[in-house]
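Residue-level structure breakdown
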Amino acid sequence: MITLHKKKGHKNSDQLERRLEDLVISYKKEIHAADEPGLPYIAEDGIVYKTKEEIEEWSRELTAELNWQRSLSGDGSYIDPEKGKIC
């Protein structure tokens, strides 16, 4: 599970959240106090991505993986149960 750790109303936190929303994926959000240092960051399967570079690399890899997965599922067809024709 992907968890976004962010500050409410924080520019970088909000930008990172928009990126996750643009990917159309499920994620959990934890909002921390405004004075907590080191935010925003991403945690996934016990791995934490804190620096801008780590988050960028993680985001690029996730985007590529999602694009590949979605390319496989977009070419499906089905049989119309009423007419028996392949669509």
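Residue numbers here run from 1 along each chain, matching the order of that chain's written sequence. The predicted nature of this model means local features are confined to residues of pLDDT at least 70 and side-chain atom pairs, given and counted, to a pLDDT of 80 or more, with totals for whole chains, interfaces and linings taken over all residues. Excluded from the side-chain calculations are hydrogens and water; all other atoms, namely the structure's heavy atoms, are used.

A separate point is helix H2 (residues 52–73). Secondary structure is summarised from DSSP: a helix means a run of H or I of at least four residues, a strand means a run of E of at least two, and numbering begins at the N terminus for each. What a helix should span is 1.5 Å times the count of its residues minus one. The end-to-end C-alpha distance of H2, which contains 22 residues, comes to 31 Å, matching closely the 32 Å that a straight helix rising 1.5 Å per residue would cover. Where H2 is concerned, the buried positions are Ile55, Trp58, Ser59, Leu62 and Leu66. Taken down its axis, H2 places every buried residue within 100 degrees of arc, on the same side. Residues Glu53, Trp68 and Leu72 are exposed on H2 and point more than 90 degrees away from its buried face. Only protein chains enter the accessibility calculation, which uses a 1.4 Å probe; a residue is then buried when its area is under 20% of its type maximum, exposed when over 50%, and partly exposed in between. The arc in question is the one traced by the directions running from the helix axis out to the C-beta atoms.

On to the sheet that holds strand S3 (residues 41–44). Only strands joined by at least two bridges in the DSSP assignment are considered to pair. Strand order in the open sheet made by the four strands is S2-S1-S3-S4, with mixed pairing throughout. The open sheet has two edge strands, strand S2 (28–32) and strand S4 (47–49), and neither has a second partner. Geometrically, the sheet is characterised by an average inter-axis angle of 20 degrees between neighbouring strands, direction not taken into account. Pairing between strand S1 (residues 2–7) and S2: five bridges, direction parallel. In the strand pairing of S2, His5 is matched with Glu30. The criterion used for residue contact is that any of the two residues' heavy atoms lie within 4.5 Å. Lines fitted to the C-alpha atoms define the axes, with helices restricted to the stretch that makes contact. Angles between their N-to-C directions range from 0 to 180 degrees. Docked against the sheet, helix H1 (residues 11–22) engages S1, S2 and S3, running at close to 155 degrees with respect to S1. Here H2 sits on the sheet and contacts S1, S3 and S4; the angle it forms with S4, its principal contact strand, is near 115 degrees.

Mapped onto the fold, Lys6 is located in strand S1. As a C-alpha pair, Lys6 and Gly84 span 78 residues in sequence and 51 Å in three-dimensional space. In contact with Lys6, other than residues within four places in its own chain, are Ser13, Asp14, Glu17, Lys29, Glu30, Ile31, His32, Leu39 and Pro40. Here a polar contact means two N or O atoms within 3.5 Å. Within protein one must be a hydrogen donor candidate and the other an acceptor candidate, and residues neighboring in sequence count only if both atoms are side-chain atoms. One polar contact links Lys6 to Asp14, side chain to side chain, over a distance of 2.9 Å. One polar contact links Lys6 to Glu17, side chain to side chain, over a distance of 2.6 Å.

Looking at chain direction, S1 and S3 are connected through four bridges and run antiparallel. Note that in S3 the partner of His5 across the bridge is Tyr41. Summarising the sheet, S3 and S4 pair through three bridges and their orientation is antiparallel. Residue Glu44 lies in a different strand from S4, and its bridge partner there is Ile47.

By themselves, these are just geometric observations and shouldn't be taken as functional.
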